[in-house]
Amino acid sequence: MSESTHLSSLREPLVAEQRSLHQLTEEICAPMERRPGGLWWAAFLLAFAALAMGVGMVAYQIKTGIGVWGLNKTVGWAFDITNFVFWVGIGHAGTLISAILFLFRQKWRTSINRAAEAMTLFAVTCAAIFPVIHMGRPWLAFWMLPYPNSRGSLWVNFRSPLLWDVFAISTYFTISAVFWYVGLVPDLATVRDRAKSKLRRLVFSVLSLGWNGSSRTWSRYETVYLLLAGLATPLVVSVHTIVSMDFATSVIPGWHATLFPPYFVAGAIFSGFAMVLTLMVITRKVFRLEHLITRRHLENMCKVIIVTGGIVGLAYGTEFFTAWYSGNLYERFAFANRAFGPYGWAYWVMVSCNVVAPQLFWFKRVRTTPAVIFLLSLAINVGMWFERFVIIVTSLHRDFLPSSWAMYTPTVIEVGTLIGTFGLFFTCFLLFARLLPALSIGEVKAVAAYAQSPVAQLAAASSGEKKPKSGRAAA
Amino acid sequence: MSDRLPQYWQTLAERARKLDPEELSREFPEELPVGPLRQPFSFDRRGFFKAMGLSAAAALAACQRAPKQKILPFVRKPEEVTPGVPLWYASTCAACPASCGILLKVRDGRPIKVEGNEAHPLSSGGVCAAGQASLLSLYDASRARGPSFGGTPTSWAALDEAVRRGLLAAKAQGRPIRLLLPWVLGPSAEAAVARFLEVYPTAKTVRYEAIPAREPIASAHRETHGAFVVPDYRFEKAKVIASFGADFLGTWLSPVAFTRQYSAGRSPEAKRMSKHFQLEAAMSLTGSNADRRLVLPPSDFAPALGALVSLLAQRSAHPQTEAIAPAAHGPRPALSTEALEEVASALLSARGEALVVCGSGSLRAQLLANAANELLGAYGHTLSLELGLPLDGLALPFEDFLAELRSGAVGALVALGVNPVYSHPRGEELSSLLSKPPLSVCASDRLDETAAAMAHHAATHSFLEDWGDEEPRRGLFSVRQPAVAPLFDTRGPFESLLAWAGIEQGWYDFLRARWEREVFPRSGAASFEPFWEGAVQLGVADLPSPAEPASFRLGGLEQALSEAPPPSRKDGLELFLYPKVSIGDGSLANNGWLQELPDPITKATWGNYVQLSPPLAASMGIEEGRMLTVSTEAGSLTLPAQVQVGLHPRVVAVALGYGRTKAGTVANGVGRNAYPLATEAGRVSLAASGASLSLAEGKKKLALSQTHHSAEGRPIVKQASFGELLADPRAGNEAEELPTRRSMWPLHSYLGRRWGMAVDLTACTGCASCIVSCQAENNISVVGEEEVRRRREMHWLRIDRYYAGPPEAPEVVHQPMMCQHCENAPCETVCPVLATVHSGEGLNQQVYNRCVGTRYCANNCPPKVRRFNWFDYPHADPLERMVLNPEVAVRTRGVMEKCSMCIQRIEEEKARAKREGRPLLDGEVRTACQQSCPAKAIVFGDLNDPKSEVSRLIRLGRAYKLFEELNAGSQVSYLTRIRNT
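These numbers were taken from a predicted model, which means no experiment stands behind them. (Residues numbered from 1 in each chain as written. Chains lettered and ligands numbered in written order. Predicted model: local features only at pLDDT ≥ 70, side-chain atom pairs only at ≥ 80, totals over all residues.)

### Structural notes on unusual backbone geometry
Residue and element names in this part refer to chain B.
Next, step 1: Of note in the backbone geometry, serine 124 takes a positive phi value of approximately 35 degrees without being a glycine.
Next, step 2: Although it is not a glycine, phenylalanine 963 sits at a positive phi angle of roughly 55 degrees.
Next, step 3: When you line up the elements, phenylalanine 963 lands in the loop between β41 (959-960) and β42 (972-975).
Next, step 4: The class for phenylalanine 963 is buried, based on 21 C-beta atoms found within 10 Å. (Helix = DSSP H or I, 4+ residues; strand = E, 2+ residues; numbered from the N terminus. Buried ≥ 20, exposed ≤ 12 C-beta atoms within 10 Å, placed from the backbone.)

Put into structure tokens, the structure is as follows:
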């Protein structure tokens, strides 16, 4: 398409390549409708093997006792809560992309929001495993729920941040799932309409909730979507704020900091975008969707990473300043120990991955080269995992009484459980990419060059619709 | 069935209604059925009876006579025994020869706790870690369960028969009979031995102690005072104490009594504090408490004492000064003259109130210590021979006994309660020699190393199952009574001895008769029965006992010193062997509580190691855990390294009591046996010069309960010197500027009581008695070496030990640390399921049943006192389970636990007061740690009562709380550590 068809030279189309709407549908639905390739199978088997190993590790741990982990009298949390916070953080990008960017009318989100939301769900699922299995008696996990019971007036402790976590995570999961599902409905209808087998048609008929693609349906859909986006937006801030309160409301030097909520939220978005980038770079390559998930998408996400990475770096600095400025003996020690103590290496891994590495994104060449982006996003994922490890373990292992200072070393079981959650995450993601449209067909069409053309704009204006038809119309 | 009428129906609807179950079950059908024909399922009279008859017959046929089991109500219960209500029996501890008074808590016929007997003048309520842990040894599954011939079970009759025959044969042949015994037995046991010796004229005693402590002291006094007596020490009367290697607060002679005395003599509130010099080779518990500590190698003890005696002689006004000084002359110690001058002048300034004690096994050192005490006028004041413990002066020296064994002269050998095969440097040789006599019989509680080397084994009672008596101080008769019926087919050792001597009288009758004959007349009581019962009930009878005064004999000293030359010093390192506070000489090694008790200094559990000083470690490039081989002339030993501050740079130290091979499942193979490295030249010396150290293969991580040793300048243990305290009652505890403390939450209001605790760090010596007391009281699990190595020991109460100052002369502080029961407890707010809550009496309570195990509370606990059950720590052995306190729940895996301030004791005393209709008095509730503390460093009570002892203590200028800046509001106060520096 030539330059003259653009509405504005400032607004380059997000999906620039010439594609008809039908072609878009075909391309996005293709991975679902063809047999999986060898690459997919290899990835799936690897992920599933990791998942199976993780299940084995957790089963052994629950059978034997949590002593199979490397925790001790001083360090009561380590890999478990590190993994929990890490996975919750990963989830945040999905909600941010789908809700906040939607509200801010950031159209570039359309190519990545579906996958990002799916990622959120899977990441939160991975995260939710840890608060349960880290318990000494996980079979009593339901005691964390405030339900009427026959134990006298025994209730949960509403003052405990761990309980707030229960509410925050369950709310977050519910809203994210609903949001994701609602967004899927028009595309599910598309798939239904394309279905060749009876069973497939039946399944997608049920899933698409009788979508008929009428203007009225679209209108209601968009209202619901907007409302859900509004509902989900506070969660982006609240969930990680509450997770950070697990630490911030405690008395442990290195945990007890008012800085934690914004610091954690920024870190979560930071890590989430890194994970989205990791996944998208692979997805666009494997499913040959480079024209839909363009370099520009990647570049935009890199820019978000620069900003959030900057906030995270600032938070690291602020923590040290506050510790020094407080004059508090224990605070000062906690941070000196963090950087120069026995776990100093973890701290410097964290700083190099989270503060130094993202600075490379200032270079346009870097942030538009998928291979480099991929490597840097991996580094940020690693760095953000270490951030949580550093916060949890280095604060606990040397707190108030030096007599109790101890070192923590993870066991095979803990490492295996972490790998197992990656297995779960990728198993879910690979299945998702196979079974559901990984990109939002309807929304991508809206930002395709065709949709942005004056003809389509006029047509859309006259019909009172913003988007071209999907669903029945597209079929 | 002609009488059964068909049921007619008229309409289909009617028929359908009849079959409608809902209709049938309705209580009031719309239409009342009229006439018999309309009744559904009607029974006629005959049918009814038939059915009834059949069902009755069927029911009867199903019956059969149940086996007759007679249960009996507890109407005629044994007198005094109420199920669930514990009884207390006074007795005398036999974990070591110190003979402290104990009380045994017996519930439903089984002892579940050892506590100190307040009425006992020696230990006055204190009891040490080993004494308390001896309870667990009662329920040790590795105990011998009956008599045996070389490990093959037999009957007592058969054993007695065989032993009698062997003894009589030896008597008939005129061959020597040897009785191998410990030095300290108790007066009645000594009487039994004497009877045995009367019956067998060729019999002689051979006395043995694994760690030569009493014999060298008594031998020295035999030379200098003509009395083979271990003196009675009175540390509370001493204003200046100089200890040459005597770990009198930890392991030397009678640590509980000495700790009691020592802390009584060091009371900042009474404005009295002794000055304590400790001269030692390795850091001991006593050394860690000293006001001034000097290090010297073991071979320097005698030279240092010689130099001290010379200095004292120069300046003292003793009539025999002129003669003593040259006698004491010997090689110069490698100790600065100024240091010795300081000790000497301090001692002289407190003439008559000074005390020199020496823990060396060297006779020369002991002789010189006696001379020093004589010059200081200590005899009769700070130590007394008249009240001392006389030893068996007729015993055959062990060396001669060995020679007899080698020559095959011994006709019969009877060993009682000693284990020389394990604990003698010549143990290996002994194990082959012991079976040489035609009769060899060993009486011990298990088939240990010595018993296994002998032909017959007479399984003995635990001391908790046996009668006995002790006389630890002359005239102080301490009674031992059984607190439980024997668990196995065992027999008291003296019951056996009497039987083998052919004496019909049983041990109890013998003991009682001796008391009636010997002890009772001295009491002045009217009749024996009440006197005896009183003594048994109280556990002690303190009677006046005349003794011949012993006076110093200069000639004896000169003679003995000339015969006991100073030890020859060789180049190279010196090996110092020492008993640990927990394991001691190793006789109680098969005891999980003791194995897992962190050493007060090194904080190591489970096993021994080579201690070496930081300079030596640095020069050899050794880091902690590196396997090292220590070699002496006697042999070599490979153990992991432990770099210890406060050790003489030329000294390597190894703990004794480990490396048991036949102690039982707990102790076998834990650590290595260091006894074979002891020097043995006439007399065993637990030191060896000319030792060398070499690197061995591999590393072994020590199982430590504390790995960081500096308090990092944090105000955790506050301290000041005695002088500073006299000038300012808040010395070392100056009030800190704290911001105004506000709380978001309404403060707790304690309408009734408010429990609190005060821990006096000046009194606390760090002896670890409280740890075992807590463990026994609260069913705390033993987790094993590997779990301790993973930093998962379960002790609710621990003692933190910090070093300060230079590594050559470190300052050591001990701090008992338990749940602080914070007002605004950080653990309480974070528990999601309310498993840890605040009580109305100010206690932070842990609800095990509710705990799901998030460990958030432990993370948020500033003093890190919460302990988590990482696994199910089994109490699998049914015998071992008998030690459990039924008042305290046994915790399952996945549950957090911690100090409860002995809530079960609080409730018990509250209930008692309520039953008796009176208010609870201060001091009635005592926590387990408080009860057992020999130093009385822990006081528990009601903070709401301004007159309570704990309230008085927390008002002192010395009182402070931990982490006040956190606004957590600890209910435990510490009193500053005051040293007389």
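Text resumes after the structure shown.
### Quick word on the pairing of strand β20 (residues 476-480) of chain B
All names here are of chain B.
Next, step 1: When you tally the buried positions in β20, you get five out of five residues, the bulk of the element.
Next, step 2: Residues Leu476, Ser478 and Arg480 point to one face of β20 and Phe477 and Val479 to the other, with burial holding for every one of them.
Next, step 3: Sheet analysis places strand β19 (residues 468-473) next to β20, joined by four bridges and oriented antiparallel. The residue of β20 that forms the bridge with glycine 468 is arginine 480.
Next, step 4: One ladder, built from three bridges, connects β20 with strand β21 (residues 540-542); its direction is antiparallel. Of the residues in β21, the one forming a bridge with phenylalanine 477 is alanine 541. (Pairing = 2+ DSSP bridges.)

### Examining the domain arrangement of chain B
How big an interface is tends to be stated in terms of accessible area lost as the parts join.
Residue and element names in this part refer to chain B.
Next, step 1: Partitioning chain B into domains gives domain 1 (235-381), domain 2 (570-701) and domain 3 (719-979).
Next, step 2: Between the C-alpha centres of domain 1 and domain 2 there is a distance of 26 Å.
Next, step 3: Of the residues lining the interface, 17 residues belong to domain 1; the matching set on domain 2 comes to 23 residues.
Next, step 4: For the side of domain 1 that touches domain 2, the secondary-structure elements that each account for two or more residues are α9 (285-289) and β13 (292-295).
Next, step 5: No other element matches α9, which puts three residues into the side of domain 1 that touches domain 2.
Next, step 6: Counted by class, the side of domain 1 that touches domain 2 contains nine nonpolar, seven polar and one charged residues. (Domains from an automatic or database assignment. Contact = placed C-beta atoms within 7 Å. Nonpolar A, V, L, I, M, F, W, Y, C, P; charged D, E, K, R; others polar.)

### Thoughts on the pairing of β42(B)
Consecutive residues of a regular strand have side chains that alternate between opposite faces of the sheet.
Residue and element names in this part refer to chain B.
Next, step 1: Neither face of β42 is left uncovered, since the one carrying Val972 and Tyr974 and the one carrying Ser973 and Leu975 both have all their residues buried.
Next, step 2: Relative to β42, β41 is paired through two bridges, and the arrangement is antiparallel. Each residue of the ladder has a partner; that of alanine 959, found in β42, is leucine 975.

### Points about the sheet that holds β20(B)
Residues and elements named next belong to chain B.
Next, step 1: Spatially, β19-β20-β21 is the arrangement adopted by the three strands of the open sheet, whose pairing is antiparallel. At either end of the open sheet lies a strand with only one pairing partner, and these are β19 and β21. Strand-to-strand, the axes of this sheet are offset by a mean angle of 20 degrees, without reference to chain direction. (Axes fitted to C-alpha atoms, helices over the stretch in contact; angles between N-to-C directions.)

### Considerations on the sheet that holds β41(B)
Residue and element names in this part refer to chain B.
Next, step 1: On the basis of which strands lie adjacent, the open sheet formed by four strands has the order β40-β33-β42-β41 and mixed pairing. Sheet topology places β40 (938-942) and β41 at the edges, where each strand pairs with a single neighbour.
Next, step 2: One ladder, built from four bridges, connects strand β33 (residues 755-760) with β42; its direction is parallel. By the bridge assignment for β42, alanine 758 is matched with serine 973.

### Things to note about the interface of chain B and chain A
Next, step 1: Contact residues are listed per partner, giving 42 residues for chain B and 39 residues for chain A.
Next, step 2: Within the residue set of the side of chain B that touches chain A, elements represented by two or more residues are α27 (826-830), α28 (856-859) and β38 (867-868) of chain B.
Next, step 3: Along the lines of polarity and charge, the residues of the side of chain B that touches chain A split into 20 nonpolar, eleven polar and eleven charged.

### Notes on the packing of helix α7 (residues 214-225) of chain B against helix α13 (residues 363-375) of chain B
All names here are of chain B.
Next, step 1: Direction vectors running N to C along α7 and α13 enclose 55 degrees, while the axes themselves pass 9 Å from each other. One finds that α7 runs oblique with respect to α13. The interaxial crossing formed by α7 with α13 has right-handed handedness. Listed contacts from α13 to Pro216, Ile217, Ser219, Ala220, His221, Glu223 and Thr224 of α7 are Leu363, Gln366, Leu367 and Asn370.
Next, step 2: Grouping the constituent residues of the contact of α7 with α13 by class yields five nonpolar, five polar and one charged. (Parallel < 35°, antiparallel > 145°, perpendicular 65-115°, else oblique. Left-handed = near helix turned anticlockwise from the far one by under 90°.)

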